[in-house]
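Topology and contacts: notes
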Amino acid sequence: AAYTESEGTLVNLIGDWQSYRPVVKSPGQAKSAWKILRVLGNLLHLEGYQYNQVSELGDELKSRLSEDEVYQHKLTDLRPMPQEGLIRLGPKAM
């Protein structure tokens, strides 16, 4: 399923957790990526694929990651790229 058809959570560049919900129904039998991975994990008898809701997975991730790990790459830590050596790949801006 496309991201507009899935729910999930991401950590943005300033380290905030952002959750999102589907805005359209998936066509046919399309499934979210996490559901496909869950089924494969269960078929292969792997541990850790017991989630019924994507929110359960997000809650476990939050409990396992320390605040330092989540915030280690803040937006304020990004450095501008040096201008020398850059190559334009597209047409010139108008």
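Since the model is a prediction, treat every value here as computed from it, not as a measurement.

**Remarks on the overall build of the protein chain**
Across its full length, the protein chain holds three helices and two strands. In sequence order, the protein chain lays out its α and β elements as β-β-α-α-α. When the 94 residues of the protein chain are sorted by exposure, 15% land in the buried category. Contacts spanning at least 24 positions in sequence make up 33% of the contacts within the protein chain whose residues lie at least 6 apart.

**Observations concerning the environment of V54**
As for its position among the elements, V54 is in helix α2 (residues 54-64). For V54, a relative accessible area of 14% corresponds to the buried category. As a C-alpha pair, V54 and T9 span 45 residues in sequence and 8.5 Å in three-dimensional space. Residues in contact with V54, not counting those within four places in the same chain, are E7, G8 and W34.

**Looking at the pairing of strand β1 (residues 8-11)**
Along any regular strand the residues' side chains alternate between the sheet's two faces. Pairing between β1 and strand β2 (residues 17-20): four bridges, direction antiparallel. Pairing of G8 across the sheet is with Y20, part of β2. Between the end of β1 and the start of β2, which pair antiparallel, lie five residues, with G15 showing a positive phi angle near 90°.

**Structural notes on a nonpolar patch on the surface**
Together, I36, L37, V39, L40, L43, L44, L46 and Y49 make up a nonpolar patch on the protein surface, roughly 750 Å² of accessible area in all. Note on placement: L44 falls in the loop between α1 (33-43) and α2.

**Some words on the pattern of salt bridges**
Overall, the coordinates contain one salt bridge when judged by the stated rule. Residue R21 is joined to E7 by a salt bridge in which the shortest nitrogen-to-oxygen separation is 3.0 Å. Residue R21 is located in the loop between β2 and α1, and its partner E7 is located in the segment before β1; the two are separated by 14 residues in the primary sequence. Overall, E7 belongs to the partly exposed group, its relative accessible area being 27%.

**What to know about the confidence of the model for the protein chain**
Summarising the model, the protein chain shows a mean pLDDT of 77, and 73% of its residues fall at 70 or more. In the model of the protein chain, helix α3 (residues 67-70) stands out as the element of lowest mean pLDDT, 59, in contrast to α1, which has the highest, 89.

**Some words on α1**
Turning to α1, its buried residues are W34, R38 and G41. Angular distribution of buried residues about the axis of α1 spans 65°; they occupy a single face of the element. Away from its buried face by more than 90 degrees, α1 exposes A33 and L43. The secondary structure elements touched by the buried residues of α1 are α2.

Here is what the cut-offs are and how they apply
Per chain, the residues get numbers from 1 upward, laid out in the order the sequence is written. The predicted origin of the model limits local features to residues at a pLDDT of at least 70 and limits the giving and counting of side-chain atom pairs to 80 or more, whereas totals for whole chains, interfaces and linings rest on all residues. Each side-chain value is worked out from all heavy atoms of the structure, with water and hydrogens disregarded. A run of H or I in DSSP becomes a helix once it reaches four residues, and a run of E becomes a strand once it reaches two; helices and strands are each numbered from the N terminus. Relative accessibility under 20% of the residue-type maximum defines a buried residue, over 50% an exposed one, and the middle range a partly exposed one, all with a 1.4 Å probe and only protein chains included. We call two residues in contact when some of their heavy atoms are within 4.5 Å. We treat two strands as partners when DSSP finds at least two bridges between them. Like charges within 9 Å and nonpolar side chains (Val, Leu, Ile, Met, Phe, Trp, Tyr) within 5 Å are joined into patches, using only residues over 30% in relative accessible area that form no salt bridge. In this description, accessible areas are obtained by the Shrake-Rupley approach with a 1.4 Å probe, and a residue is regarded as covered only by the protein chains that are shown. Counted as salt bridges are all cases of a side-chain nitrogen of Lys or Arg within 4 Å of a carboxyl oxygen of Asp or Glu. One number per residue, pLDDT, summarises how confident the predictor is, and it ranges from 0 to 100. It is the directions from the helix axis to the C-beta atoms whose arc is reported.

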